[in-house]
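Working through the structure, step by step
Residue-level listing of the chains:
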Amino acid sequence: VQLVESGGGLVQPGGSLRLSCVASGFTFSTYGMTWYRQAPGKERELVAAITSAGGSTNYADSVKGRFTISRDNAKNTVYLQMNSLKPEDTAVYYCNVRYLFKYDVWGQGTQVTVSS
């Protein structure tokens, strides 16, 4: 079971980034997927989640209206579109799946830095 994130980088405030997470080693279409982030000195926090078929999503209050989670089950990929980025969005972003509905599997993370 493997998750590989990409798409992070340095962006100015107000800018956009699209993160991707490619999954392998499990039946992607049967699992909900989640994006988390961890800023320096802070605990990891849930950013957005999506159900297995993509029919339902939920977001942290801090990103509602700015971020959109989506998935393409044909490509085993989950996305996080981030718009109107703020300096406080700076963090390492992680993809997560609860494999077999009890084991948390994490990707290696992708760094997002919002700065002028």
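All of the points below concern the structure found in this document. (Residues numbered from 1 in each chain as written. Predicted model: local features only at pLDDT ≥ 70, side-chain atom pairs only at ≥ 80, totals over all residues. Heavy atoms only, no water.)

Right, let's talk about the side chain of Thr 77 for a bit. Position of Thr 77 among the secondary structure elements: in strand β8 (residues 77–82). Polar contacts involving the side chain of Thr 77 include one to the main-chain carbonyl oxygen of Lys 75, which spans 2.7 Å. (Helix = DSSP H or I, 4+ residues; strand = E, 2+ residues; numbered from the N terminus. Polar contact = N/O pair within 3.5 Å; in protein donor to acceptor, adjacent residues only side chain to side chain.)

Tallied over the full model, the rule gives five salt bridges. We note a salt bridge from Asp 89 to Arg 37, for which the minimum N-O separation is 2.9 Å. Separated by 52 residues along the polypeptide, Asp 89 in the loop between β8 and β9 (91–99) and Arg 37 in strand β4 (residues 33–38) bring together distant segments of the chain. The pair Asp 89 / Arg 37 is uniform in exposure class, with both members buried. Of the charged contacts in the structure, one is a salt bridge between Asp 104 and Arg 98, with a shortest N-O distance of 2.8 Å. (Salt bridge = Lys/Arg side-chain N within 4 Å of Asp/Glu carboxyl O. Buried < 20%, exposed > 50% of the residue type's maximum accessible area, 1.4 Å probe, protein only.)

The subject of this paragraph is the pairing of β4. Along β4, five of the six residues are buried, which leaves the element largely enclosed by surrounding structure. Counted along the chain from β4 to the antiparallel partner strand β5 (residues 45–50), the turn is six residues long, and its residue Gly 41 has a positive phi close to 75 degrees. Strand direction decides the pairing type here: β4 and β9, joined by five bridges, are antiparallel. Residue pairing in the sheet places Thr 34 in a bridge with Asn 96 of β9. (Pairing = 2+ DSSP bridges.)

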